[in-house]
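Residue-level structure breakdown
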Amino acid sequence: MADIAFLLIIFFMVTINFEVDKTQVFLPKTTVRLEIPKKAAYISITESGQIRVSGGEEISVPVHPEDVLSFAADVVARDPQKEFVLKADQSVPYRYVDGVIDSLKQAKARVIYLLSEQETVDSAAGEG
Amino acid sequence: MKFKRGTVNDEIPTASMADIAFLLIIYFMVTTTFAATRGIDFSLPQEDDSPLVDKEESVLIEIQPGGVLMVDNKPLPLDNVLEYLKPKLERNPMKPVIIRANEMTEYGHMVSVFDELRQAPEKIGMEVKNVSIPTQREINMFWY
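Now for a look at the structure at hand. These numbers come from a predicted model, not from an experiment.

Criteria and cut-off values
- Residues numbered from 1 in each chain as written.
- Chains lettered and ligands numbered in written order.
- Predicted model: local features only at pLDDT ≥ 70, side-chain atom pairs only at ≥ 80, totals over all residues.
- Heavy atoms only, no water.
- Contact = heavy atoms within 4.5 Å.
- Buried area = accessible area lost by both parts, 1.4 Å probe.
- Salt bridge = Lys/Arg side-chain N within 4 Å of Asp/Glu carboxyl O.
- Polar contact = N/O pair within 3.5 Å; in protein donor to acceptor, adjacent residues only side chain to side chain.
- Helix = DSSP H or I, 4+ residues; strand = E, 2+ residues; numbered from the N terminus.
- Nonpolar A, V, L, I, M, F, W, Y, C, P; charged D, E, K, R; others polar.
- Pairing = 2+ DSSP bridges.
- Axes fitted to C-alpha atoms, helices over the stretch in contact; angles between N-to-C directions.
- Left-handed = near helix turned anticlockwise from the far one by under 90°.
- Buried < 20%, exposed > 50% of the residue type's maximum accessible area, 1.4 Å probe, protein only.
- Core = buried A, V, L, I, M, F, W, Y, C linked by side-chain atoms within 4.5 Å.

**Considerations on the interface of chain A and chain B**
Contact with chain A, which involves 46 residues of that partner, is made by 44 residues of chain B. Carbon and sulfur atoms make up 64% of the surface buried where chain A meets chain B, a total of about 4400 Å² over both sides. Summed over the three residues of chain A that lose the most area to chain B, namely Tyr94, Lys105 and Leu114 of chain A, the buried surface amounts to 17% of that side. Summed over the shared surface of chain A and chain B, the result is three salt bridges. Between Lys105 of chain A and Glu138 of chain B there is a salt bridge; the shortest N-O distance is 3.0 Å. For the pair chain A and chain B, the number of links is 21 residue pairs in polar contact (both at pLDDT 80 or more). For the side of chain A that touches chain B, the elements supplying multiple residues, two or more each, are helix H1 (2–15), strand E2 (34–35), strand E6 (83–88), helix H3 (94–106) and strand E7 (111–115) of chain A. Take the side of chain A that touches chain B: its biggest share by element is nine residues, from H3 of chain A. Grouping the constituent residues of the side of chain A that touches chain B by class yields 29 nonpolar, seven polar and 10 charged. When E7 of chain A meets strand E1 (residues 38–43) of chain B, the two strands line up antiparallel, connected through five bridges.

**Description of the packing of helix H2 (residues 68–78) of chain A against H3 of chain A**
All names here are of chain A. One way to put it is that H2 packs onto H3 with a least axis distance of 8 Å and a crossing angle of 40°. With respect to the hand of their crossing, H2 and H3 are arranged in right-handed fashion. Here Val68, Leu69 and Ala72 of H2 come into contact with H3, specifically with Val100, Ser103, Leu104 and Gln106. Looking at the contact of H2 with H3 residue by residue, the classes come out as five nonpolar, two polar and no charged.

**Some details on the sheet that holds strand E4 (residues 51–54) of chain A**
Spatial ordering of the open sheet is given by E2(A)-E1(B)-E7(A)-E6(A)-E3(A)-E4(A)-E5(A), a layout of seven strands whose pairing is mixed. The open sheet terminates on both sides in strands that have one partner only, identified here as E2 and strand E5 (61–63) of chain A. One ladder, built from two bridges, connects E2 of chain A with E1 of chain B; its direction is antiparallel. Across the sheet, the residue bridging to Glu35 of chain A is Arg38 of chain B, located in E1 of chain B.

**Digging into the pattern of salt bridges**
Applying the stated criterion across every chain yields a total of eight salt bridges over all chains. Between Glu117 of chain A and Lys29 of chain A there is a salt bridge, with the nearest N and O atoms lying 4.0 Å from each other. Taken together, the residues Glu117 of chain A in strand E8 (residues 117–118) and Lys29 of chain A in strand E1 (residues 29–30) connect sequence positions 88 residues apart. Judged by relative accessible area, Glu117 of chain A falls into the partly exposed class, the value being 33%. Since its relative accessible area comes to 26%, Lys29 of chain A is described here as partly exposed. Salt-bridge contacts for Arg137 of chain B lead to Asp102 of chain A; the nearest nitrogen and oxygen are separated by 2.7 Å. Taken as a pair, Arg137 of chain B in helix H5 (residues 136–142) and Asp102 of chain A in helix H3 lie in two separate chains rather than in one. For Arg137 of chain B, a relative accessible area of 30% gives the class partly exposed.

**Some thoughts on the nonpolar core**
Counting 51 residues, the largest nonpolar core has Ile43, Phe84 and Leu86 of chain A together with Leu117 of chain B as the members making the most contacts within it. Residue contributions to this core peak at six residues, all from helix H3 (residues 107–118) of chain B. Not counting residues within four places of it along the chain, the set of residues in contact with Leu86 of chain A comprises Ile43, Ile45, Val97, Val100, Ile101, Ile112, Tyr113, Leu114 and Leu115 of chain A together with Tyr107 of chain B. If you look at the next biggest cluster of nonpolar residues, it comprises 10 residues, including Val25, Val85, Tyr113 and Leu115 of chain A.

**A few points about the environment of Val85 of chain A**
Residue and element names in this part refer to chain A. By secondary structure assignment, the location of Val85 is in strand E6. You can call Val85 buried: its relative accessible area is 0%. Counting along the chain gives 48 residues from Val85 to Pro37, while the straight-line C-alpha distance between them is 9.4 Å. What Val85 contacts, discounting residues up to four positions off in sequence, is Ile36, Ala40, Ala41, Tyr42, Ile43, Tyr113 and Leu115.

Quick look at the structure:
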């Protein structure tokens, strides 16, 4: 019994990944989805345009839109190859996303992953 | 007076082991979140590989609020975008495609357009290699 229990414990310990950002958003749906590297920096944007950032290790903190640039520059200065993950709500007005992408471009970030959910036949039909 | 001399038990008590194990299991089960860890990647232009995109030479996809697409100033449904691009890409595989979303457009619409372009290898058998998403600041600085 204890053996099985310990096996389960090991399974959960291995699979666990501590979510650095717990913001609840409705992610956009895409067909193309690539695995995001671990420890990537997170930037989340809620439907109302509130932004939270995390360098990938710590829990995300809310920031002003103007401060995204300094955050991104700081992350890139530490690791120029760092990937950024943009976790934005699908119904957020594009200007908020535009501001964040602009900050990342100015900070010379290398790649952004747009976090998404799997597009299914049902969801595609529902939208169309 | 008589003292009882108990024998010392030299085994580690393991009876509570399973209880501890199950407590740990419950802890990990509760804290595990099968988070979405996948997304669509978008490489930003680096200094050494960003030739200036000529507005005249490129295909401009504008996304209006509500998700209406204007491709080269003509309305076009999302499903037909790749067909429209195919002959242009056959002539010039590096044909630049510019995605410009209106500031009020919902982010989801922009992602679905980008997703559609990324599906080009499966749908039309060739890749859309040169996609750029200029930001408002860049448009203000370089375009007008």
